[in-house]
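In case you want the letters, here they are:
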Amino acid sequence: MPATWLSNAAISNPTLSIDSEVSSSLQLEYILTVSGEFCFSADTIAITIRPLPAAGLSGTTELCEGDPAYFTSSGGTPVYWWPTYFFPDPTLSAQTAWLQESCVVGVTVRNEWNCERSDSIDVSMNAMPEAVFMVEGESGCAPVTLQAYNLSQNGPDVSYYWQVNGSSTPVNDAEILTFDQPGAYWIALVAQSAAGCMHIASEAGPIEVHPLPTAQFFFTPEDPEVIYPEVDIVNESSGAGQFIWSIDGTAVSLEEDPELVFAPEHERTYTICLEAMSEEGCADTLCRHLFFEETAQVFVPNAFTPDHDGINDLFLPVLTGFDAQTYEMMVFDRWGSVVFQTRDMTEGWMGNVRSGTHYAEAGLYQWVISIKKQFGVEMSRFQGHVTMLR
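Here the structure is a predicted model, which is why all the values come from computation and not from measurement.

Peer 1: Can you break down the state of the cysteines residue by residue, with the values?
Peer 2: Scanning the model with the defined rule gives 3 disulfides in all. Note that Cys64 is cross-linked by a disulfide to Cys197, the S-S spacing being 2.0 Å. Its S-S torsion of about -95° marks the bond between Cys64 and Cys197 as left-handed, since a negative value means left-handed. Of this pair, Cys64 sits in strand S4 (residues 62–64) while Cys197 sits in the loop between strand S17 (187–192) and strand S18 (198–202), and the two are 133 residues apart along the sequence. Across the pair, exposure class does not vary: Cys64 and Cys197 are buried alike. Residue Cys141 pairs covalently with Cys282 via a disulfide, S to S 2.0 Å. Measuring handedness by torsion sign, the sulfur bridge of Cys141 and Cys282 sits at about -95° and is left-handed. In this pair, Cys141 is assigned in strand S11 (residues 140–141) and Cys282 in the loop between strand S24 (268–277) and strand S25 (283–292), connecting sequence segments 141 residues apart. A residue is classified by how much of its surface remains accessible, and Cys282, at 0% relative accessible area, is buried.

What follows is the structure in structure tokens.
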């Protein structure tokens with residue numbers, strides 16, 4: 001056979017060098033011929049050339065600090081990975097490594113003829129930014145307002161954004177966060193480098209926003225009178241378990257449905273407030289004004305019969321809600337002359353004139369009453385007609 005792949009076929013110790021890839025086993029036979037002056041000798045040697053494994057390595061070429069790297073070998077059985085301290089089991093074809101810096105990762109594989117071959121890749125590690133923040137404020141009743149501060153110390157290639165329950169918003173160094181709706185809110189700060197490395201810092205627990213109760217109540221009747229001061233108060237608050245009732249700024253009851261007592265001596269307004277509180281301590285306050293009207297009533301008969309039969313003999317108006325000390329009644333005949341006058345609310349007219357010595361004629365008479373409402377200031381004037389029958 002021709003001296004293929006021999007370094008020099010004419011020397012006694014040539015070198016065999018396979019300078020091309022073989023894909024399968026190759027059988028070679030070399031004949032060595034030695035000749036003298038008059039004779040020669042020959043010998044034959046058979047050499048088998050085995051193919052190398054098609055070693056291949058694929059996997060992570062760029063990663064962030066602290067992230068795992070993944071690699072897969074092919075072309076044979078792995079017998080060696082490097083750097084060795086990241087690969088405790090060298091026989092695995094799929095590896096997960098926690099690298100600490102940029103480096104070269106390689107693998108050596110072996111085929112069925114124990115031929116070995118290696119492959120490697122360069123792995124670049126990018127620095128991980130660090131997100132640092134603090135929040136001033138705490139859980140509470142709606143609305144909750146917090147002040148969040150970005151305290152991160154990274155390079156200019158790092159960008160930031162806040163996350164509230166996973167929803168992102170751009171970052172100002174000092175961010176005011178307001179939560180109007182009840183619920184649990186998780187706050188986090190995300191720092192991301194230009195290489196895509198991301199670090200998320202979050203609070204140890206959520207911000208709890210508690211719902212506000214609703215204070216509500218009403219009166220029955222809505223327009224009470226001084227002479228009838230009984231008032232029922234109905235509590236229709238929701239979301240509350242504790243109550244404080246006050247009248248004109250003074251606490252008077254802690255009951256849910258109290259019996260509040262009013263004793264107005266004259267026309268006046270009370271300010272009634274209800275503070276309703278939830279289990280979390282959230283409160284709502286409602287104040288209403290309760291006005292007691294000084295209702296005055298005047299009943300004046302339109303006829304009377306002074307015939308001494310004990311029935312309707314007296315013309316006596318009945319007034320309630322007035323100041324008796326300011327009472328005056330005058331009765332006039334058809335010519336405008338005063339036939340009767342009194343300042344006593346209990347004194348009626350019996351139809352007499354001239355100090356009782358004579359009796360007036362039957363007919364139509366005009367009456368006028370002047371009086372102040374009880375605890376009032378201005379005089380009220382009432383007038384009408386009454387018929388005297390005989």
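Next comes the rest of the description.
Peer 1: Could you give an account of the pattern of salt bridges, naming the residues involved and the relevant values?
Peer 2: Applying the stated criterion across every chain yields a total of 3 salt bridges. Salt-bridge contacts for Arg110 lead to Glu116; the nearest nitrogen and oxygen are separated by 2.5 Å. Residue Arg268 pairs with Asp248 through a salt bridge whose shortest N-O separation is 2.8 Å. With a gap of 20 residues between them, Arg268 in strand S24 and Asp248 in the loop between strand S22 (242–247) and strand S23 (250–253) connect regions that are remote in the sequence. Note on Asp248: relative accessible area 39%, which makes it partly exposed.

Peer 1: Requested: an account of the packing of aromatic side chains, with residues and values cited.
Peer 2: Overall, the coordinates contain 16 aromatic pairs when judged by the stated rule. A ring pair is formed by Phe71 and Phe87, whose centres lie 6.3 Å apart and whose planes are at 65°; its orientation type is edge-to-face. Of the two residues, Phe71 sits in strand S5 (residues 69–74) while Phe87 sits in the loop between strand S6 (77–82) and strand S7 (94–97), which places them 16 residues apart along the sequence. An angle of 25° between the planes, with centres 6.3 Å apart, marks the rings of Phe340 and Trp349 as stacked. The class for Phe340 is buried, based on a relative accessible area of 10%.

Peer 1: If you had to explain a negative patch on the surface to someone new, which residues and values would you point to?
Peer 2: There is a patch of like negative charges on the surface, built from Asp232, Glu255, Glu256, Asp257 and Glu259. On the secondary structure map, Glu256 appears in the loop between S23 and S24. Taking the relative accessible area as the measure of exposure, Glu256 reaches 45% and is therefore partly exposed.

Peer 1: Tell me about the environment of Phe299, residues and numbers included.
Peer 2: Take Phe299: it is sitting in strand S26 (residues 297–299). When the C-alpha atoms of Phe299 and Thr320 are compared, they prove to be 8.9 Å apart, with 21 residues separating the residues in sequence. Apart from residues no more than four positions distant in its own chain, Phe299 is found in contact with Pro317 and Val318.

Peer 1: Report on a nonpolar patch on the surface, specifying residues and quantitative values.
Peer 2: On the surface, Val132, Met134 and Leu151 cluster together to form a nonpolar patch covering roughly 210 Å² of accessible area. Checked against the element boundaries, Leu151 lands in the loop between strand S12 (144–150) and strand S13 (159–164). Taking the relative accessible area as the measure of exposure, Leu151 reaches 40% and is therefore partly exposed.

Peer 1: So what's going on with the nonpolar core? Which residues, and what values?
Peer 2: It is characteristic of soluble globular proteins that their nonpolar side chains tend to be buried jointly. Ranked by size, the top nonpolar core spans 20 residues in total, and within it Phe315, Val331, Trp349, Tyr365 and Ile369 carry the most contacts. Among the elements of the structure, strand S29 (322–332), strand S30 (338–342), strand S33 (363–373) and strand S34 (379–388) are those that each provide at least two residues to this core. Apart from the residues lying within four places of it in its own chain, the contact partners of Ile369 are Val300, Pro317, Leu319, Tyr327, Glu328, Met329, Ser380, Arg381 and Phe382. Membership of the second largest hydrophobic core comes to 19 residues, among which are Val135, Phe179, Tyr185 and Ala191.

Peer 1: Pulling in residues and values, what's your account of the sheet that holds S5?
Peer 2: A sheet is described by the order of its strands in space; here 3 strands give the open sequence S3-S5-S7, paired in antiparallel fashion. The sheet is open, and its two borders are formed by strand S3 (56–59) and S7, each paired with just one other strand. Shown here is a sheet whose adjacent strand axes are inclined to one another by a mean of 25°, direction ignored.

Peer 1: Residues and numbers for the sheet that holds S6, please.
Peer 2: Remark on secondary structure: sheet strands pair via backbone hydrogen bonds, oriented parallel or antiparallel. The 4 strands lie next to each other as S4-S9-S8-S6, forming an open sheet whose pairing is mixed. A strand with exactly one partner marks an edge of an open sheet, and here the two such strands are S4 and S6. Direction aside, the axes of adjacent strands within the sheet are offset by 30° on average. Strand direction decides the pairing type here: strand S8 (residues 103–110) and strand S9 (residues 116–126), joined by 8 bridges, are antiparallel. Residue pairing for S9: Thr108 is matched across the bridge by Ser118.

What counts and how
- Residues numbered from 1 in each chain as written.
- Predicted model: local features only at pLDDT ≥ 70, side-chain atom pairs only at ≥ 80, totals over all residues.
- Heavy atoms only, no water.
- Disulfide = S-S within 2.5 Å.
- Helix = DSSP H or I, 4+ residues; strand = E, 2+ residues; numbered from the N terminus.
- Buried < 20%, exposed > 50% of the residue type's maximum accessible area, 1.4 Å probe, protein only.
- Salt bridge = Lys/Arg side-chain N within 4 Å of Asp/Glu carboxyl O.
- Phe/Tyr/Trp six-rings, centres within 6.5 Å; stacked < 30°, edge-to-face > 60°.
- Patch = residues over 30% accessible without salt bridge, like charges linked within 9 Å, V, L, I, M, F, W, Y side chains within 5 Å.
- Areas by Shrake-Rupley, 256 points an atom, 1.4 Å probe, with all protein chains shown as cover.
- Lys, Arg positive; Asp, Glu negative; His and termini not counted.
- Charge placed at Lys NZ, Arg CZ, Asp CG, Glu CD.
- Contact = heavy atoms within 4.5 Å.
- Core = buried A, V, L, I, M, F, W, Y, C linked by side-chain atoms within 4.5 Å.
- Pairing = 2+ DSSP bridges.
- Axes fitted to C-alpha atoms, helices over the stretch in contact; angles between N-to-C directions.

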